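Below, each chain spelled out in residue letters.
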Amino acid sequence: MTLTATDVAKYLHAELDGDPLARISSIGSPDTAGPEDLIYVDSERNRARAEASRALCVLAPPGLALPGKTAIHVGAPKLAFARAAALILPGKRVPSGIHATAVVSPAARVAPDATVGPYVVIEDHAAVGARTVIGAFCFVGRGATIGEESRLHPHVTLYEGVHLGSRVIAHSGSVIGADGFGYVYGEGRHWKFPQIGSVVIGDDVEIGANTTVDRGSLETTAISSGVKIDNLVQVAHNVQIGENSVIAAQTGISGSCVIGEGVAIGGQAGLGEHCNVESGAVLGGQSGILPGKTIRSGQVVWGTPARSLDRFKEQHAWISRLPELGKRLRKMV
Amino acid sequence: MTLTATDVAKYLHAELDGDPLARISSIGSPDTAGPEDLIYVDSERNRARAEASRALCVLAPPGLALPGKTAIHVGAPKLAFARAAALILPGKRVPSGIHATAVVSPAARVAPDATVGPYVVIEDHAAVGARTVIGAFCFVGRGATIGEESRLHPHVTLYEGVHLGSRVIAHSGSVIGADGFGYVYGEGRHWKFPQIGSVVIGDDVEIGANTTVDRGSLETTAISSGVKIDNLVQVAHNVQIGENSVIAAQTGISGSCVIGEGVAIGGQAGLGEHCNVESGAVLGGQSGILPGKTIRSGQVVWGTPARSLDRFKEQHAWISRLPELGKRLRKMV
Amino acid sequence: MTLTATDVAKYLHAELDGDPLARISSIGSPDTAGPEDLIYVDSERNRARAEASRALCVLAPPGLALPGKTAIHVGAPKLAFARAAALILPGKRVPSGIHATAVVSPAARVAPDATVGPYVVIEDHAAVGARTVIGAFCFVGRGATIGEESRLHPHVTLYEGVHLGSRVIAHSGSVIGADGFGYVYGEGRHWKFPQIGSVVIGDDVEIGANTTVDRGSLETTAISSGVKIDNLVQVAHNVQIGENSVIAAQTGISGSCVIGEGVAIGGQAGLGEHCNVESGAVLGGQSGILPGKTIRSGQVVWGTPARSLDRFKEQHAWISRLPELGKRLRKMV
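Computed from a predicted model, the values in this text were never measured in an experiment.

Conventions we followed
Residues numbered from 1 in each chain as written. Chains lettered and ligands numbered in written order. Predicted model: local features only at pLDDT ≥ 70, side-chain atom pairs only at ≥ 80, totals over all residues. Heavy atoms only, no water. Helix = DSSP H or I, 4+ residues; strand = E, 2+ residues; numbered from the N terminus. Buried < 20%, exposed > 50% of the residue type's maximum accessible area, 1.4 Å probe, protein only. Contact = heavy atoms within 4.5 Å. Areas by Shrake-Rupley, 256 points an atom, 1.4 Å probe, with all protein chains shown as cover. Lys, Arg positive; Asp, Glu negative; His and termini not counted. Charge placed at Lys NZ, Arg CZ, Asp CG, Glu CD. Buried area = accessible area lost by both parts, 1.4 Å probe. Salt bridge = Lys/Arg side-chain N within 4 Å of Asp/Glu carboxyl O. Least-squares fit on C-alpha atoms with pLDDT ≥ 70 in both. Pairing = 2+ DSSP bridges. Expected span 1.5 Å × (residues − 1). Axes fitted to C-alpha atoms, helices over the stretch in contact; angles between N-to-C directions. Parallel < 35°, antiparallel > 145°, perpendicular 65-115°, else oblique. Left-handed = near helix turned anticlockwise from the far one by under 90°. Nonpolar A, V, L, I, M, F, W, Y, C, P; charged D, E, K, R; others polar. Polar contact = N/O pair within 3.5 Å; in protein donor to acceptor, adjacent residues only side chain to side chain. pLDDT = per-residue confidence, 0-100.

**Considering the overall build of chain A**
Here comes step 1: Helix and strand content of chain A: 4 helices and 41 strands.
Here comes step 2: Dimensions along the principal axes, computed over C-alpha positions, put chain A at roughly 80 × 80 × 30 Å.
Here comes step 3: The burial tally for chain A puts 59% of its 333 residues in the buried class.
Here comes step 4: Residue pairs at least 24 apart in sequence account for 18% of intrachain contacts in chain A once pairs closer than 6 positions are excluded.
Here comes step 5: Surface summary for chain A: the accessible area is close to 12500 Å², and the carbon and sulfur share equals 52%.
Here comes step 6: Separation between the mean location of the 30 positive side-chain charges and that of the 31 negative ones in chain A comes to 8 Å.

**Description of the interface of chain A and chain C**
Here comes step 1: Each partner contributes residues to the interface: chain A has 56 residues there, and chain C has 66 residues.
Here comes step 2: Of the roughly 4700 Å² buried where chain A meets chain C, counting both sides, 66% is carbon and sulfur surface.
Here comes step 3: Inspection of the region where chain A meets chain C yields 4 salt bridges.
Here comes step 4: Its salt-bridge partner being C:Lys192, residue A:Glu206 comes within 2.8 Å of it at the nearest N-O pair.
Here comes step 5: Put simply, the parts of the chain that give the side of chain A that touches chain C at least two residues each are helix H3 (77-88), strand E28 (228-229), strand E31 (246-247) and helix H4 (309-332) of chain A.
Here comes step 6: At 11 residues, the largest contribution of residues to the side of chain A that touches chain C is made by H4(A).

**Quick look at the relation of the copies chain B and chain A**
Here comes step 1: For the pair chain B and chain A, the relating rotation is 120°, the translation along its axis is 0.0 Å, and the fit reaches an RMSD of 0.0 Å. What we have between these two chains is a three-fold relation.

**Focus on unusual backbone geometry**
Here comes step 1: With an omega of -5°, the peptide bond running from B:Thr304 to B:Pro305 counts as cis.
Here comes step 2: Relative to the helices and strands, B:Pro305 resides in the loop between strand E40 (300-302) and strand E41 (307-308).
Here comes step 3: A positive phi angle is found at A:Arg131, which is not glycine, with a value near 60°.
Here comes step 4: Considering the arrangement of structural elements, one finds A:Arg131 in the loop between strand E13 (127-128) and strand E14 (133-134).
Here comes step 5: Judged by relative accessible area, which is 41%, A:Arg131 ranks as partly exposed.
Here comes step 6: A positive phi is found at A:Leu232, a non-glycine position, where the angle reads about 60°.
Here comes step 7: Relative to the helices and strands, A:Leu232 is located in the loop between E28 and strand E29 (234-235).

**Brief notes about the sheet that holds strand E8 (residues 97-98) of chain B**
Two orientations exist for strands paired in a sheet by backbone hydrogen bonds: parallel and antiparallel.
Residues and elements named next belong to chain B.
Here comes step 1: The 12 strands lie next to each other as E8-E11-E14-E17-E20-E25-E28-E31-E34-E37-E40-E41, forming an open sheet whose pairing is mixed. In this open sheet, the two edge strands, each paired with only one partner strand, are E8 and E41.
Here comes step 2: Here strand E34 (residues 264-265) runs beside strand E37 (residues 282-283); their pairing, made up of 2 bridges, is parallel. Residue pairing for E37: Ala264 is matched across the bridge by Val282.

**Some details on the pairing of strand E23 (residues 189-192) of chain A**
Residues and elements named next belong to chain A.
Here comes step 1: Pairing geometry for strand E22 (residues 183-186) and E23, over 4 bridges, is antiparallel. Bridge pairing links Gly186 to Arg189 in E23.
Here comes step 2: Linkage of E22 to E23, two consecutive antiparallel strands, is achieved through a turn of 2 residues, within which Glu187 is found at a positive phi near 55°.

**Digging into H3(A)**
Here comes step 1: The end-to-end C-alpha distance of H3(A) is 15 Å, a good match for the 16 Å that 12 residues give at a rise of 1.5 Å each.
Here comes step 2: Of the residues making up H3(A), those classed as buried are A:Pro77, A:Leu79, A:Ala80, A:Phe81, A:Ala82, A:Arg83, A:Ala84, A:Ala85 and A:Ile88.

**Considering the pattern of salt bridges**
Here comes step 1: This structure, assessed with the given rule, holds 47 salt bridges over all chains.
Here comes step 2: The closest approach of N and O atoms between A:Arg47 and A:Glu44, which form a salt bridge, is 2.9 Å.
Here comes step 3: Given the relative accessible area of 23%, A:Arg47 is considered partly exposed.
Here comes step 4: A salt bridge links C:Arg47 to C:Glu51, with the nearest nitrogen and oxygen atoms 3.2 Å apart. Of this pair, C:Arg47 and C:Glu51 are both found in helix H2 (residues 47-52), 4 residues apart, which corresponds to roughly one turn of the helix.
Here comes step 5: Judged by its relative accessible area of 38%, C:Glu51 falls in the partly exposed class.
Here comes step 6: Three or more residues joined by partner-sharing salt bridges are found here, namely A:Asp113, A:Arg131, A:Glu148 and A:Glu149.

**A word on the interface of chain B and chain A**
Here comes step 1: The partner chain A presents 65 residues to the 56 residues of chain B that form the contact.
Here comes step 2: For the pair chain B and chain A, the summed buried area comes to about 4700 Å², and 66% of that belongs to carbon and sulfur atoms.
Here comes step 3: The interface formed by chain B and chain A includes 4 salt bridges.
Here comes step 4: Measuring nitrogen to oxygen at the nearest pair gives 3.2 Å for the salt bridge that ties B:Lys327 to A:Glu314.

**A closer look at the packing of helix H4 (residues 309-332) of chain B against helix H4 (residues 309-332) of chain C**
The geometry of a pair of packed helices is captured by two quantities: the angle between their axes and the separation between those axes.
Here comes step 1: At a minimum axis distance of 8 Å, the contact between H4(B) and H4(C) shows a crossing angle of 50°. Put simply, H4(B) runs oblique to H4(C). H4(B) and H4(C) meet at a crossing whose hand is left-handed. Judged by residue contacts, B:Arg311, B:Glu314, B:Gln315, B:Trp318, B:Ile319, B:Arg321, B:Leu322, B:Glu324, B:Leu325, B:Arg328, B:Leu329 and B:Met332 of H4(B) engage C:Ile319, C:Ser320, C:Leu322, C:Pro323, C:Gly326, C:Lys327, C:Leu329, C:Arg330 and C:Met332 from H4(C).
Here comes step 2: Residues of the contact of H4(B) with H4(C), tallied by class, amount to 11 nonpolar, 3 polar and 7 charged.

**Here's the deal with the pairing of strand E27 (residues 220-223) of chain C**
Residue and element names in this part refer to chain C.
Here comes step 1: Residue alternation in E27 divides its side chains into a buried set, Thr221 and Ile223, and an unburied set, Thr220 and Ala222.
Here comes step 2: Inspection of the sheet shows strand E24 (residues 198-201) paired to E27 by 4 bridges, in the parallel sense. From the neighbouring strand, Val200 faces E27, where its bridge partner is Ala222.

**Considering the side chain of C:Gln234**
Here comes step 1: In this structure, C:Gln234 sits in strand E29 (residues 234-235).
Here comes step 2: Among the polar contacts made by the side chain of C:Gln234, one reaches the side chain of A:Asn231 at a distance of 2.8 Å.
Here comes step 3: Contacts of C:Gln234, omitting those with residues within four sequence positions, involve A:Asp230, A:Asn231, A:Leu232, A:Ala249, A:Gln250, C:Thr212, C:Asp214, C:Thr251, C:Gly252 and C:Ile253.

**Structural notes on the sheet that holds strand E15 (residues 139-140) of chain B**
Residues and elements named next belong to chain B.
Here comes step 1: Taken in spatial order, the 10 strands of this open sheet run E9-E12-E15-E18-E21-E26-E29-E32-E35-E38, and their pairing is parallel. Across the chains shown, the open sheet's two edge strands, defined by having one partner strand only, are strand E9 (103-104) and strand E38 (288-289).
Here comes step 2: As defined by bridge partners, strand E35 (residues 270-271) adjoins E38 across 2 bridges and the pair is classed as parallel. Bridge pairing links Leu271 to Ile289 in E38.

**So, the confidence of the model for chain A**
Here comes step 1: Per-residue confidence for chain A averages 95 on the pLDDT scale, and 99% of its residues sit at or above 70.
Here comes step 2: Across the assembled chains, the prediction reports ipTM 0.96 with pTM 0.97.

**Overview of the environment of C:Glu278**
Residue and element names in this part refer to chain C.
Here comes step 1: Position of Glu278 among the secondary structure elements: in the loop between strand E36 (276-277) and strand E37 (282-283).
Here comes step 2: With 17 residues separating them in the primary sequence, Glu278 and Ile295 have C-alpha atoms 6.0 Å apart.
Here comes step 3: Among all residues touching Glu278, those that are not within four sequence positions of it are Gly260, Val263, Thr294, Ile295, Arg296 and Ser297.

Here it is as C-alpha cells:
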C-alpha cells in the first residue's frame, strides 16, 4: 500500500518537514531500506545511519535535522514506527473459508469469514470467531473457543475446552491446555492429580513458538489481555498473569504463581510454585524465585535466589574481590 | 458417573461421618465446587475453605470435624482425592477405530480396539496396542511400538524404532527418538556421530508437552516405568532414568547420564554429560551438575555447581553478609 | 552394506593389522556389537571393553595391539568411526515423489527426485531442491526455499520466505521463521514491532527437535554453514551465527547477538541482547552473558554474569571457604 509522507504524518498527528508528497510503500532499517521505505531514528547515535540510508522518509525526534530527507517529527520515533508499520504494511490477504481437507465437526461453530487452513481438525462444540485464521495442522479440541481476528500459525494445539480471546496470535508449536504436572505419591507409585481445569487467555495476547500453557488442575490458568509471551516458555497449571506483562524466552513459571500487571520477566527466569510477583516488578534473565516468595511492586530483582539488582551488583562486586580479600585475611590470622 | 459417599468411602477403605447417601458426581476445589463435587482438606489451615465450600462431601484427616459436611476420613486426603478422582471422573469416551484420513501402513499392526485419530501417519512395522488412543497428527515411525491403554495427544512424533510401554501418556509436541547431538570435529568440519540407538520407555510414564527424548547413539535411551516428565524437558542420547523419578519443566539431561529411582529434579536443572544421580536424590530448581559428577543417594543439592542444600544456604547467607564483612576487613588492613 | 576391513582401511587411508577380508556390515559399541560390527577404541582406558567385545574389527590408535582382532590403525579413532559410519550404514532409502495426500501449490517448485511425505503443505512460490526429503506434516510457507539433499523430519514448520541450504537436517517440531519478540510500549499497550525480516540458513546445518529460530525484525537472522544446534534452543531475531559453531540444548540467544565461527556454547546458556561472542570462544553450560557484552576470541567463560573459567573457579573456591573465613573474621573484630 503506497502512501505519502503527509498520510503518515497525519495518521501519527506529527509535524512534517520536507516533501509532503514523498512516497512511502514499506518500512525498513536504515542500512537496507529502499527510497520508499520508511525508517526511524531515535537517537543522535543512530543519526549517521539514517543520513547514509537510501530511505527518503524518516521518523525522527523533534529538532533532529536530516538534510535531504523528509522528516516526520514525533516524540517517540520507535513507537511511531511500530504504529505506522501497522498502517503501511498490507495485512496478509488470507481468503476466508474452510479448506477442503479440514476435518471440522458439524457440531463446531466457525464464523463464515474465518479461515481454516489445510489439515486442520476442529472438534465438537469448538467455536472460531469472525476473521480468525487457523493455520495448517492446527488442532482445536472439543469445546475450545477462539475470539475474533485471532491467528493460529500452523501446528498449534488447543486441548479440550480452552478459551482464547480476540486478536490473539499463537505461533507454531505452541500447546495450550495440556495437563498440569501434578502427582501424589503413595503406595509405591505416583497417582495423577486431576487436571480438569481450563485455560482462559484474554485479548491481544501473543504466544511464542513451542510455548506451553498448561490447563488448571481444579481451577483455571488465566492469561490476561495484552500479555506477550516469547518462545519456549512454560506456564504451569493455575498460573495467573496480569495485563500487559511480558515474558521472555525459555522462562518457566511453576504452578499457582500469580503475576501482576505490567511485569517484565527476562529470558530463562524460573519461578517456583506459588510465587507472587506484584505489578510492575522486573525479573532479570536467569533469575530464580524460590517457591512461595513475593516480589514487591516495582522491584527489580536478579540472580538465584533473586534479590534486588542493587544488592546483586554489590554482592557480585565483592565476590569478584573475594580471592584478594581472602588471601589478605589468611595472612592476618 | 454419580456415586454415593458410601461408594467412595468403601473404595478408599475409609470411615464415613455424615450422610451415607450423599451424592458425588464430580470433584472440585473448595472455592468453586458445587454440592455434588468431592473436595479434600489436608490441613487445619485449609479447613475454613472447606467449611465455606458448597461441596457436601469432604475427604479429611481423621478427627477433623466439619459441621454440616459428610466427611470421609483418610490418612492422606490428597492421595485419596487423586485416587477417588480416577473412580469418579468418567474416562474420556473415545470410539475405537481408525479415522478415514489416517495413513496406516498395511504392514503396521493396530489393535482392533485402539483409536487412531484424523491425519495420523503410522509407518511400516509399527504396532499400536489395545485401547491405545493416537491423537490427530501423530507420527508413528517405522517399527515404533506402543503398548496398551496409552495415549498420544495430538502432534506427538515417534521416530523410527522407538518403544513405548503401556499406560504411557505423551503430550502434544513431544518428540521421541530424534537424533542425539554428537559430532566429531576433524578436517575442518563436524562429522555426525552415528545416532542409531533406540529409545525404550516403560509403563505408566507421562511425557510433557514439547519435551524431547533423543535416541541413543550406539546404545539405548531408557526411561523406566512410573517416570513423570514435565514440559519442555530435554533428555539426551543414552540417558537412563530409573523408576518413579520425577523431572520438572525445562530441565536438561545431557548425554549418558544415569538417574536412579525415585529421583526428584526441579525445574530448569541442568546435568552435564555422564552424571550419576543415585536413587532418592533431590536436585533443586536451576541447579547445575557438572559433567561426570555423582550425586549420592538421598542427597539434596542446590545451585551451580550443585552442592548440598545446607552448604548452599550457609554459603548464600555469607554472600549476603559479604559487603559488610568486606568493608570491615578493608578498614582493618 | 557389507564391506571388508580392507575396504574400510582404504577409505580411511589407514593401516590394517589382521584379516584383510574380515566382514564389516554395520557399526556398534563394544558392549553390544556383533562380529560384523565395526567398533572403535580411543584410549587405553577403553581397551578392555574392545578386547571383550564380540566385534572382530576395531578402529584403534597406532600401536594399540588387540589380540584376536583386526585393527585398523588411525590417528583419531572416533573421527574415523564417524566417517566410516557414513560409508557403512545404508542411507535411508526413501522413494522420491509427492505423497497423494500432500497439498502442494501449483506455484511451488519441487525437484522431481525430492520426496514429499504424507500431509505435507507446501505453499505458493516455495522451492524444494533435489533429493531433499520432507517428512509428514511439514509446513513449507509461501516463498520458503530448501536446497538439495536436505531432510525435514515430521512436523517441521517453515514460515513464509525462510531459506535453508543444502544437506540441512531439521528435526521434528523445529520452527523456523516465527515472529521475533519485539514490542514498543506506548499509550497503555504493547505495539508489535514489525517482524518482516527473514531467516537464512547455510549448508550442512543441523537443527534440533523443538528448536525455534525467529525471523529478523527488519534484517535477517543468519545461521552459517556447518552450524549444529541441539534441541529446544531459542535463536531470536537478527541473530548471526558463524560457521561451524555448536550450540547445546536449551540455550537461549537473544536478539541481535553476533556469534563468531567455531564457537561452542554449553546447554542452557543464556545470551542477552546484542552480545558479541568472538570466534572460538567457549561458553559453559548455564552461563549467562549480560546484554551488550563481548566475549573475546578463544575465551572460556562460566557462570552468571559470565567470567573466565579460571576466575570462576577461583571465586567459587573462595565462596566455599567463605563460611569458615567469615566466622574467623567475626571473631577478630
